[in-house]
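So the chains spell out like this:
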Amino acid sequence: MSGERVGIDDLLERVRSGLDRVDARTAYEEYRAGGTLLVDTRYAALRERDGLVPGALVVERNELEWRLDPLGSHRAPQATGHDLRVVVFCDEGYASSLAAESLRRLGLHRATDLIGGFQAWKAAGLPVLVPTRSAPHRRAPSRRHLA
């Protein structure tokens, strides 16, 4: 197998040069204006630790193309067409650039990503649904401990 070998830093730079990446405030304003789908690709532990962006569709990275392909049999109801504006975000804005490029290859020509990811969203003071920390679950003592 032959072909050009590219390191991840170079690949990321190339991918990003083809995206019209948005900052957190712009993504928020686009979402509020309507017609923009925010997609959270962070894994569950990060969402549980840091919270959620209200209104964002949660699709873990390994399911992204399956759920957002408007022609796919496993698409999410929000995947309404190839003209849909999709802003993908991960935790810090690296994996989401590659994810947005993958969506563009599927024909979602308006897909892009959030510069700085969820952490930039949170740092900008934008809405976040903070996870609730419940008290540790304590089992009732067994009969033998009550004697």
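Overview of the structure.

Conventions adopted
- Residues numbered from 1 in each chain as written.
- Predicted model: local features only at pLDDT ≥ 70, side-chain atom pairs only at ≥ 80, totals over all residues.
- Heavy atoms only, no water.
- Core = buried A, V, L, I, M, F, W, Y, C linked by side-chain atoms within 4.5 Å.
- Buried < 20%, exposed > 50% of the residue type's maximum accessible area, 1.4 Å probe, protein only.
- Helix = DSSP H or I, 4+ residues; strand = E, 2+ residues; numbered from the N terminus.
- Contact = heavy atoms within 4.5 Å.
- Pairing = 2+ DSSP bridges.
- Axes fitted to C-alpha atoms, helices over the stretch in contact; angles between N-to-C directions.
- Salt bridge = Lys/Arg side-chain N within 4 Å of Asp/Glu carboxyl O.

### Focus: the nonpolar core
- Ranked by size, the top nonpolar core spans 15 residues in total, and within it Leu37, Val39, Leu57, Leu64, Leu68, Val86 and Leu103 carry the most contacts.
- Of all the secondary structure elements, the ones that give two or more residues to this core are β1 (36–40), α4 (64–68), β3 (85–89) and α5 (95–105).
- Residues within four places of Val39 in sequence aside, it is in contact with Leu57, Val59, Leu64, Leu68, Val86, Val87, Val88 and Phe89.

### Remarks on the sheet that holds strand β2 (residues 57–58)
- Strands sit in the order β2-β1-β3-β4 across an open sheet of four strands; the sheet is parallel. In this open sheet, the two edge strands, each paired with only one partner strand, are β2 and β4 (112–113).
- In this structure, β1 lies alongside β2, joined through two bridges in parallel fashion. Following the sheet pairing, Val39 is matched in β2 by Leu57.
- Here α5 sits on the sheet and contacts β3 and β4; the angle it forms with β3, its principal contact strand, is near 150 degrees.

### Here we look at the pattern of salt bridges
- The full count for this structure, using the stated rule, is 10 salt bridges.
- Residue Asp20 pairs with Arg85 through a salt bridge whose shortest N-O separation is 3.3 Å. Of the two residues, Asp20 sits in the loop between α1 (8–17) and α2 (24–33) while Arg85 sits in strand β3, which places them 65 residues apart along the sequence.
- Using a relative accessible area of 41% as the deciding quantity, one classes Asp20 as partly exposed.
- One salt bridge in this structure joins Asp113 and Arg21, with 2.8 Å as the shortest N-O distance. In this pair, Asp113 is assigned in strand β4 and Arg21 in the loop between α1 and α2, connecting sequence segments 92 residues apart.
- One salt-bridge network, held together by shared partners, links Asp20, Glu30, Arg85 and Arg104.

### Re α5
- Looking at α5, one finds that the buried residues are Ser96, Ser97, Ala99, Ala100, Ser102 and Leu103.
- Those residues of α5 hidden inside the fold are in contact with α1, α4, β3 and β4.
- Phi turns positive one or two residues past the end of α5, at Gly107, with a value near 100 degrees.

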